[in-house]
Amino acid sequence: MTAMAPSKQAIPRQQVEEFLYTEAALLDAWQLGHWLLLFDEDAKYEVPCNDAPDGDPARDLMLIDDNYARLASRVDRLNSRRAHREYPHSRTNHQVFNVRVQDLPADELSVNASFTVWRFRAGRTSCYVGQYHYRLRRSAGGFRIAAKRAELDMTDLRSVGDVAIIL
Amino acid sequence: MSTAVEPSVTQPTEVAAQSPLVVDDPVAQRFRVHRSAMTSPEIHRSEVERIFAKSWLYVGHESEIPEPGDFVRRPVGGRPVFMVRGVKTGNVNVFHNTCTHRGALLCRQDSGNSKVFQCFYHAWTFDSEGRLKGVPDRDAYAGGLNFDDLGLKRVARVESYRGFVFASFDPGIVDLHTYLAGAKDYMDLVIDGCGGRVEIVRGTNQYSFDANWKLLVENSIDGYHAESTHDTYFKYLVSIGTDLRGGVSGRAIDLGNGHAVIEYSSPWGRPVAKWEPLFGEDARTEIDRLRSDLVARNGEDRAHTIAEVNRNMLIYPNLIINDIMAVTVRTFYPPAPDVVDVTAWELAPVDELPSLRQRRLDSFLTFLGPGGFATPDDLEALESCQQGFVSGGVEWNDISRGMGRSPVANDEEQMRAFWRRWQHQMGTAADLAGAR
């Protein structure tokens, strides 16, 4: 039997999962200022339209296409009392499953995961289901988000109305 | 100044209601709408019969089906139809989406390209012009099958204006050009502002909420709510360096036949062709070039109207074309008195430079759509109104703002134009006696 070739550094799925759970907990606690700190300043946050999940923000209409500045404005807006759709806030429960991690060059990771985000407000229940695609950067403290994209599996937004919360 | 177009000759006279739900009192300068117009199941049933079955309704844009055999399917007036470009004729065909045999939906994909449409149930086959081409075991019909009688059923009337395809289920309706009345000129401004050739951008907003559809009509052409409801959007504009001085100012115009528009200047930028900080410094020269092209083609006055003036337009009863920080085309239908299904697209110039397209997309989704900084708060406002109606105690909505003066853009004259036409078309069905 030949010895196995020395493998690349193992892909740290458990660490990635821990990171995603922390992110979900910050969103569910409405600690949006802290949540924003997970992102690098060149980061993107995207949600494509339901009928074009492969949507390219340079060419296609997206539901959300935030660079860091717009994402920071989204957080400011949601933290104010004037984002009427989210004041008072929904209770949310961000659930992350089926996490797969792939190494990328330059100390980056590609992470795919399934999500279910439950939203409860004023007697109404909404459920968002889809796939997360992250690009994470290894950093001293763990990871930083370079890109987060939430592709929805629902065929439309009829049952949920809007995407005023952060997925 | 209001430049109302006479809504008279094109419309058959309806018998008027004895106690109308819409009370227009020019003497007292009071305009009121009874809230049962938004809550009554009887009113909703009558709207389906008297309005949605008797108006021109937007189906889609020709740019969605550029090639022979291209199709899209969608509900129009709550009924499944599909629009296909005929392979033989190149015409835009709009068919009832039902097999002439025993009813199954024939087109079961949202969009695509096909020369033939085969029903999966018994394999009857039709071509893109609607002709029945194939029936398995044809010999079983002893008397023979009349293929001509069994072609796909076209929606009674289909006409288009500059690429915007409309259909009506009423065979006797006036032609589309007459129906559109003063709205045609404003569609021209939108289309000419995009260089004359426009397309629907890929990606659709399809969302629903729990309020009456007429509240969305009002909201889509309401200048009055912008500052209060959309405070967070204006704060965002300030944060990226937009100068809010000057605010929103303009006028409201009745375009005839229930159509109406508000046109106004605003602090936000417009991809054609008003620069603002969101677009970035390097965009200034491109915007300046677009602006001078507009002047060359349209003259200074019309170029100003195209470039700097916003338009929120209702095409009665359920099409909105808002030419604001981007152009949105929005249609909606009420499956129930307190539910509205919205479908919205972005309209843009064909062959737009990538940098300009990017700017247009940014402008659109920051304000508009289910993930924007404004639309979710509109949904909250309209659902809030609908819930307020349930409380009772107050019977009437007041829509008098701006009566007795030349209506400005944050008055309510454009809504009154809609409601007058609505009351007229509903006739005796919009009566207090029948709406409880």
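Residues numbered from 1 in each chain as written. Chains lettered and ligands numbered in written order. Predicted model: local features only at pLDDT ≥ 70, side-chain atom pairs only at ≥ 80, totals over all residues.

Q: Whenever I open this one, the overall build of chain B confuses me. Can you help?
A: For chain B, the count of helices and strands is eleven helices and 21 strands. Taken over the C-alpha trace, chain B has a radius of gyration of 23 Å; the compact-globule value for 436 residues is 22 Å, and the two agree within 12%. Taking the principal axes of the C-alpha coordinates as reference, chain B spans close to 80 × 60 × 40 Å. Burial status across chain B gives 49% buried among its 436 residues. (Helix = DSSP H or I, 4+ residues; strand = E, 2+ residues; numbered from the N terminus. Rg over C-alpha atoms; globule rule 2.2 N^0.38 Å. Buried ≥ 20, exposed ≤ 12 C-beta atoms within 10 Å, placed from the backbone.)

Q: I tried to follow helix H3 (residues 68-79) of chain A on my own but got confused; where do I start?
A: Two residues of an α-helix separated by three or four positions point the same way, owing to the 3.6 residues in each turn. Spanning twelve residues, H3(A) covers 16 Å between terminal C-alpha atoms, matching the ideal 16 Å at 1.5 Å per step. Of all the positions in H3(A), only Arg70(A), Leu71(A), Ser73(A), Arg74(A) and Arg77(A) are classed as buried. The arc that holds every buried residue of H3(A), seen down its axis, measures 155°, which confines them to one face. In this structure, the buried residues of H3(A) make contact with helix H2 (32-36), strand S1 (39-48) and strand S2 (62-67) of chain A together with helix H7 (231-239) and helix H9 (354-367) of chain B. (Expected span 1.5 Å × (residues − 1). Arc of directions from axis to C-beta. Contact = placed C-beta atoms within 7 Å.)

Q: What is the right way to look at the domain arrangement of chain B in this model?
A: Residues and elements named next belong to chain B. With domains assigned, chain B is organised as domain 1 (22-54 + 182-434) and domain 2 (57-168). Using only C-alpha atoms to locate each centre, domain 1 and domain 2 end up separated by 32 Å. The interface of domain 1 with domain 2 comprises 13 residues on the first partner and twelve residues on the second. Broken down by secondary-structure element, the contributors of at least two residues to the side of domain 1 that touches domain 2 are helix H4 (183-193), strand S13 (198-200) and strand S19 (327-336). (Domains from an automatic or database assignment.)

Q: Help me understand the interface of chain A and chain B in this model?
A: Where the parts come together, the accessible area they lose is often given as the size of the interface. Across the boundary between the two partners, chain A contributes 31 residues, which contact 34 residues of chain B. Sort the elements by how many residues they give to the side of chain A that touches chain B and S2(A) lands first, with four residues.

Q: Is there a simple way to explain the nonpolar core in this structure?
A: One broad rule of soluble globular proteins: the nonpolar side chains tend to lie buried together. Residues and elements named next belong to chain B. One finds Val-59 and Met-83 to be the most contacted residues of the largest nonpolar core, which totals 153 residues. Shared between two domains, this core takes at least three residues from each, and those domains are domain 1 (22-54 + 182-434) and domain 2 (57-168). Leaving out residues up to four positions away in the same chain, Val-59 has contacts with Val-76, Val-81, Met-83, Val-94, Val-165, Phe-166 and Ala-167. (Core = buried A, V, L, I, M, F, W, Y, C linked by C-beta atoms within 7 Å.)

Q: Is there a simple way to think about the sheet that holds strand S9 (residues 125-127) of chain B in this case?
A: Strands belonging to one sheet form pairs held by backbone hydrogen bonds; the direction of such a pair is parallel or antiparallel. All names here are of chain B. Taken together, three strands build an open sheet; the order of strands is S8-S9-S10 and the sheet is antiparallel. The open sheet terminates on both sides in strands that have one partner only, identified here as strand S8 (116-118) and strand S10 (132-134). Averaged over all neighbouring strand pairs, the angle between strand axes comes to 35°, with direction disregarded. Relative to S10, S9 runs antiparallel, the two sharing two bridges. Among the inter-strand pairings, Thr-125 is bridged to a residue of S10, identified as Gly-134. (Pairing = 2+ DSSP bridges. Axes fitted to C-alpha atoms, helices over the stretch in contact; angles between N-to-C directions.)

Q: How should I be thinking about the pairing of strand S11 (residues 157-161) of chain B in this particular structure?
A: Looking along a regular strand, one sees the side chains alternate between the two faces of the sheet. All names here are of chain B. Strand direction decides the pairing type here: S11 and strand S12 (residues 164-168), joined by five bridges, are antiparallel. Bridging from a neighbouring strand, Glu-159 pairs with Phe-166 of S12. Between S11 and S12, which pair antiparallel one after the other, the connecting turn spans two residues, and Arg-162 there sits at a positive phi close to 50°.

Q: Looking at this structure, I do not really get the environment of Arg284(B). What am I missing?
A: Residues and elements named next belong to chain B. In this structure, Arg-284 sits in helix H8 (residues 284-308). For Arg-284, a count of 11 C-beta atoms within 10 Å translates into the label exposed. Remark: the alpha-carbon pair of Arg-284 and Pro-271, spanning 13 residues in sequence, is separated by 11 Å.

Q: Would you explain H4(B) in this entry?
A: Residue and element names in this part refer to chain B. Listing the buried residues of H4 in full gives Ala-183, Tyr-186, Val-190, Ile-191 and Gly-193. Down the axis of H4, the buried side of the element spans an arc of 165°, and every buried residue falls inside it. Phi turns positive one or two residues past the end of H4, at Gly-195, with a value near 80°.

Q: Help me understand the sheet that holds strand S7 (residues 111-113) of chain B, please; the structure alone is not making it clear to me.
A: All names here are of chain B. Strand order in the open sheet formed by four strands is S6-S5-S4-S7, and the pairing between neighbours is antiparallel. Across the chains shown, the open sheet's two edge strands, defined by having one partner strand only, are strand S6 (92-96) and S7. For this sheet, the mean angle separating the axes of adjacent strands, direction not counted, is 25°. In this sheet, strand S5 (residues 79-85) lies alongside strand S4 (residues 70-76) in antiparallel orientation, the contact comprising six bridges. When the bridges of S5 are listed, Pro-75 appears paired with Pro-80.

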